[in-house]
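# Structural features, examined
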Amino acid sequence: QVQLVESGGGLVQAGGSLRLSCAASGRTFSNSAVGWFRQGPGKEREFVMGIRWSGSYVNYGDSVKGRFTISRDNAKNTVYLQLNSLKPEDTAVYYCAVSFEVGVSADQYDYDYWGQGTQVTVSS
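A few points on the structure.

### Some words on the sheet that holds strand β1 (residues 3–7)
Across the sheet, which stays open at both edges, the four strands sit in the order β1-β3-β8-β7 with antiparallel pairing between neighbours. Two strands bound the open sheet, and with one partner strand each, they are β1 and β7 (68–73). Pairs of neighbouring strands in the sheet enclose a mean axial angle of 15°, with direction left out of account. Relative to strand β3 (residues 18–25), β1 runs antiparallel, the two being bridged by five bridges. The partner of Leu4 across the bridge, within β3, is Ala24.

### A look at the state of the cysteines
For the structure shown, the criterion picks out one disulfide. Across the disulfide from Cys22 sits Cys96; the S-S distance is 2.1 Å. What sets the handedness of the Cys22 and Cys96 disulfide is the S-S torsion sign, and at about 70° it is right-handed. You can see Cys22 sitting in strand β3 and its partner Cys96 sitting in strand β9 (residues 92–99), a full 74 residues away along the chain. A residue is classified by how much of its surface remains accessible, and Cys22, at 1% relative accessible area, is buried.

### Quick word on the environment of Gly117
As for its position among the elements, Gly117 is in the loop between β10 (113–114) and β11 (118–123). Residue classification places Gly117 among the buried residues on the basis of a relative accessible area of 15%. Distance from Gly117 to Ala97, taken between C-alpha atoms, is 9.7 Å for residues 20 residues apart in sequence. Those residues in contact with Gly117 that lie beyond four places of it in its chain are Glu6, Val93, Tyr94 and Tyr95.

Scoring rules and cut-offs
Residues numbered from 1 in each chain as written. Predicted model: local features only at pLDDT ≥ 70, side-chain atom pairs only at ≥ 80, totals over all residues. Heavy atoms only, no water. Pairing = 2+ DSSP bridges. Helix = DSSP H or I, 4+ residues; strand = E, 2+ residues; numbered from the N terminus. Axes fitted to C-alpha atoms, helices over the stretch in contact; angles between N-to-C directions. Disulfide = S-S within 2.5 Å. Buried < 20%, exposed > 50% of the residue type's maximum accessible area, 1.4 Å probe, protein only. Contact = heavy atoms within 4.5 Å.

What follows is the structure in structure tokens.
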């Protein structure tokens, strides 16, 4: 059974940084892609960034361009999302998800499994 566990969220001041982790287990992930999404208060779920487990293809949403980066550690089956220059509007629950069929996609419906989410709160 596939499991995704996010961690690393917390409360940070504007301009600060956090690193989120998504630890995956239960299946071989080498042909999959992992996406990070977020959902702020009263907002729809939004694509943040995605990466393939193999290769270097990365996709990202416009709102985080130049501030967030994504990386992976294949040996640990973990994908990281580095959040820099955080703004209050980045406040949200951040979710990671895995797609075994479609690859990196900004469409949440292309993902097969989801983690429980980790809260990021940015104070002004």
